[in-house]
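Read off the chains here:
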Amino acid sequence: MTAKGGANGAGSPMSGANDRLFTVGLITSWYSSNIGVLLLNKYLLSNYGFKYPIFLTMCHMTACSLLSYIAIAWFKFVPLQTVRSRVQFFKISALSLVFCGSVVSGNISLRYLPVSFNQAVGATTPFFTAVFAYLMTVKKEAWITYITLIPVVTGVIIASGGEPSFHLFGFIMCIGATAARALKTVLQGILLSSEGEKLNSMNLLLYMAPVAVVLLLPATLIMEENVVGKTIQLAREDFKIIWYLLFNSCLAYFVNLTNFLVTKHTSPLTLQVLGNAKGAVAVVVSVLIFRNPVTVTGMLGYSITVAGVVLYSEAKKRNK
């Protein structure tokens with residue numbers, strides 16, 4: 001990213017400033033795409049009245065398939081890693097199935113829950129990751145690590161009690177999405193652990209996204225009756241829905257792209273801090289935009305959960 005040699009060589013003030021500017025730009029893009037896709041999903045599924053979360057997820061995965069191929073095969077953004085065996089392909093397909101479950105459940109929950117509460121529940125991912133890691137790999141953490149998970153769960157229980165817009169089905173879907181996200185992380189570590197099978201996140205998306213489209217297509221046709229016809233009808237009434245879907249789908253890809261770049265260009269600690277802060281920023285922005293009511297109890301619960309996540313991250317780092 002920095003020019004080597006000359007006045008702007010490595011280590012020069014100009015080069016350092018360029019590096020910092022590049023990193024700030026990356027982080028801003030990461031935050032914008034993450035929060036943007038979340039808010040646009042909420043707007044489409046809840047405020048706009050586009051009640052087809054499976055179809056919306058399929059649009060996301062179609063865009064991820066096409067843009068991943070363009071980025072890797074055409075622009076050589078990262079080296080292409082090939083699937084070496086049928087077994088590896090089936091492992092990727094299993095991950096894709098869990099990934100689909102996570103994204104669809106998350107989108108369904110946005111129909112019923114405000115973004116602020118959705119983010120509070122989503123912050124409990126470390127709890128589910130620890131549970132699945134223990135059950136599936138019998139991997140035990142230090143006792144202090146498990147203790148830090150108590151405020152993570154307690155905070156969500158408090159936030160649930162203080163949430164004016166609480167919806168049981170939406171809450172169940174949100175818990176399901178969070179658990180599936182954690183399950184995918186643990187499964188990925190188990191299934192693609194050998195050196196020959198490891199894929200970077202961009203290549204994994206390249207293979208997972210088309211499988212997701214194949215899985216979601218029959219699901220949307222069966223479970224969301226006449227979804228294509230209804231979308232065409234909506235487009236006749238308001239053509240903006242097409243632009244919303246196209247922009248939203250491209251944004252879903254940029255979430256993955258910027259996540260990969262931020263992971264590559266920052267330290268694990270910076271990524272951890274930024275990740276925790278991102279949820280809080282999403283909550284504030286969503287409340288300002290959608291004006292959903294929030295209570296002191298709800299915000300206290302969310303704060304306790306975030307504090308628990310920070311303590312959990314710190315405990316894991318110290319016990320490595």
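Numbering of residues begins from 1 in every chain and follows the order in which that chain's sequence is written. Only residues with pLDDT of at least 70 get local features here, since the model is predicted, and only at 80 or more are side-chain atom pairs given and counted; chain-wide, interface and lining totals rely on the full set of residues. Calculation of side-chain values draws on the structure's entire complement of heavy atoms; hydrogens and water are dropped beforehand.

As annotated in an unreviewed UniProt entry, the chain is Nucleotide-sugar transporter family protein from Rhynchospora pubera. UniProt positions are given in the numbering used here, feature names are shortened, and annotations may be inferred rather than shown by experiment. According to its UniProt record, the chain has this under Subcellular location (unreviewed entry): "Membrane".

Caption draft 1: Structural view of the packing of aromatic side chains. The criterion for an aromatic pair is that two Phe, Tyr or Trp rings (for Trp, the six-membered ring) have centres within 6.5 Å, with stacked assigned to planes under 30 degrees apart, edge-to-face to planes over 60 apart and tilted to the rest. The full count for this structure, using the stated rule, is 14 aromatic pairs. A centroid spacing of 6.2 Å and a plane angle of 75 degrees characterise the contact between Phe 239 and Trp 243, whose relative ring orientation is edge-to-face. Linked through ring pairs, Tyr 43, Tyr 48 and Tyr 244 together constitute an aromatic cluster. It is Lys 184 that lies over the ring of Phe 99; its NZ or CZ is 5.7 Å from the centre. Placement of a positive charge over a ring is assigned whenever Lys NZ or Arg CZ falls within 6 Å of the ring centre and within 35 degrees of the normal to the ring plane. When the ring centre of Trp 30 is taken as reference, the NZ or CZ atom of Lys 278 above it lies at 5.4 Å.

Caption draft 2: Summary view of the nonpolar core. Nonpolar core, defined: a set of buried Ala, Val, Leu, Ile, Met, Phe, Trp, Tyr and Cys residues in which side-chain atoms within 4.5 Å join the residues together. Classification of residues uses two cut-offs on accessible area relative to the type maximum, computed with a 1.4 Å probe and protein chains only: under 20% is buried, over 50% is exposed, and between them is partly exposed. With 60 residues, the main nonpolar core has Leu 44, Phe 50, Phe 55 and Leu 216 as its most contacted residues. Among the elements of the structure, α1 (13-48), α2 (53-74), α3 (86-112), α8 (168-191), α9 (201-223), α10 (227-237), α11 (240-265) and α12 (268-290) are those that each provide at least two residues to this core. Once residues lying within four places of it in the same chain are set aside, the contact partners of Phe 55 are Phe 50, Thr 220, Glu 224, Val 227, Thr 231 and Leu 245. Judged by nonpolar contacts, the second largest core, of 11 residues, contains Val 121, Val 156, Cys 174 and Val 283. Helix numbering and strand numbering both begin at the N terminus, where a helix is a DSSP run of H or I of at least 4 residues and a strand a DSSP run of E of at least 2. Residue contacts follow a heavy-atom distance rule, with two residues in contact if any of their heavy atoms lie within 4.5 Å.

Caption draft 3: Just a nonpolar patch on the surface, in detail. On the surface, a cluster of nonpolar side chains totalling about 520 Å² of accessible area is made up of Val 131, Tyr 134, Leu 135, Met 136, Val 138 and Ile 190. With four residues, helix α5 (residues 125-137) is the largest single contributor of residues to the nonpolar patch. Tracing the sequence through the fold places Leu 135 in helix α5. For Leu 135, a relative accessible area of 59% puts it in the exposed group. Each patch is assembled from residues with relative accessible area greater than 30% and no salt bridge, linking like charges that lie within 9 Å and nonpolar side chains (Val, Leu, Ile, Met, Phe, Trp, Tyr) that lie within 5 Å. Here the Shrake-Rupley method, with its probe set to 1.4 Å, supplies the accessible areas, and only the displayed protein chains count as covering residues. When a carboxyl oxygen of Asp or Glu is within 4 Å of a side-chain nitrogen of Lys or Arg, the pair counts as a salt bridge.

Caption draft 4: Up close: the confidence of the model for the chain. pLDDT is a residue-level measure of predictor confidence that goes from 0 to 100. Of all residues in the chain, 95% attain a pLDDT of 70 or more, and the chain-wide mean is 90. Of all secondary-structure elements in the chain, the lowest mean pLDDT belongs to α12, at 85, while α2 reaches the highest, 97. This stretch, residues 1-10, has a pLDDT under 50; its non-local contacts, to residues over four places away or in other chains, come to 16 contacts.

Caption draft 5: Examining α10 more closely. The complete set of buried residues in α10 reads Val 227, Thr 231 and Ala 235. An end-on view of α10 places all buried positions within 75 degrees of arc, on one side of the element. With respect to the buried face of α10, the exposed residues turned more than 90 degrees away are Arg 236 and Glu 237. Arc definition: it is the arc formed by the directions from the helix axis to the C-beta atoms.

Caption draft 6: Inspection of empty space enclosed by the protein at higher detail. Cavities and pockets were defined on a 1 Å grid built from protein atoms only: a cavity is a group of points that admits a 1.4 Å probe but offers it no way out, a pocket is an open group of points flanked by protein on both sides within 12 Å along at least five of seven lines, and a lining residue is one with an atom within 4 Å of any such point. Grid points are joined across faces, edges and corners, and a volume is the space filled by probe spheres set on the points. A complete count under the given rule lists one cavity of 30 Å³ or more for this structure. By volume, the largest cavity is sized at about 100 Å³. Contributing to the lining of the largest cavity are 14 residues, with Ser 116, Phe 117, Glu 163, Gly 298 and Met 299 lying nearest its centre.

Caption draft 7: Inspection of the layout of surface pockets at higher detail. The calculated volume of the second largest pocket comes to roughly 150 Å³. The classification used treats Ala, Val, Leu, Ile, Met, Phe, Trp, Tyr, Cys and Pro as nonpolar, Asp, Glu, Lys and Arg as charged, and all other residues, Gly among them, as polar. Of the residues belonging to the lining of the second largest pocket, the class tally is two nonpolar, four polar and one charged.

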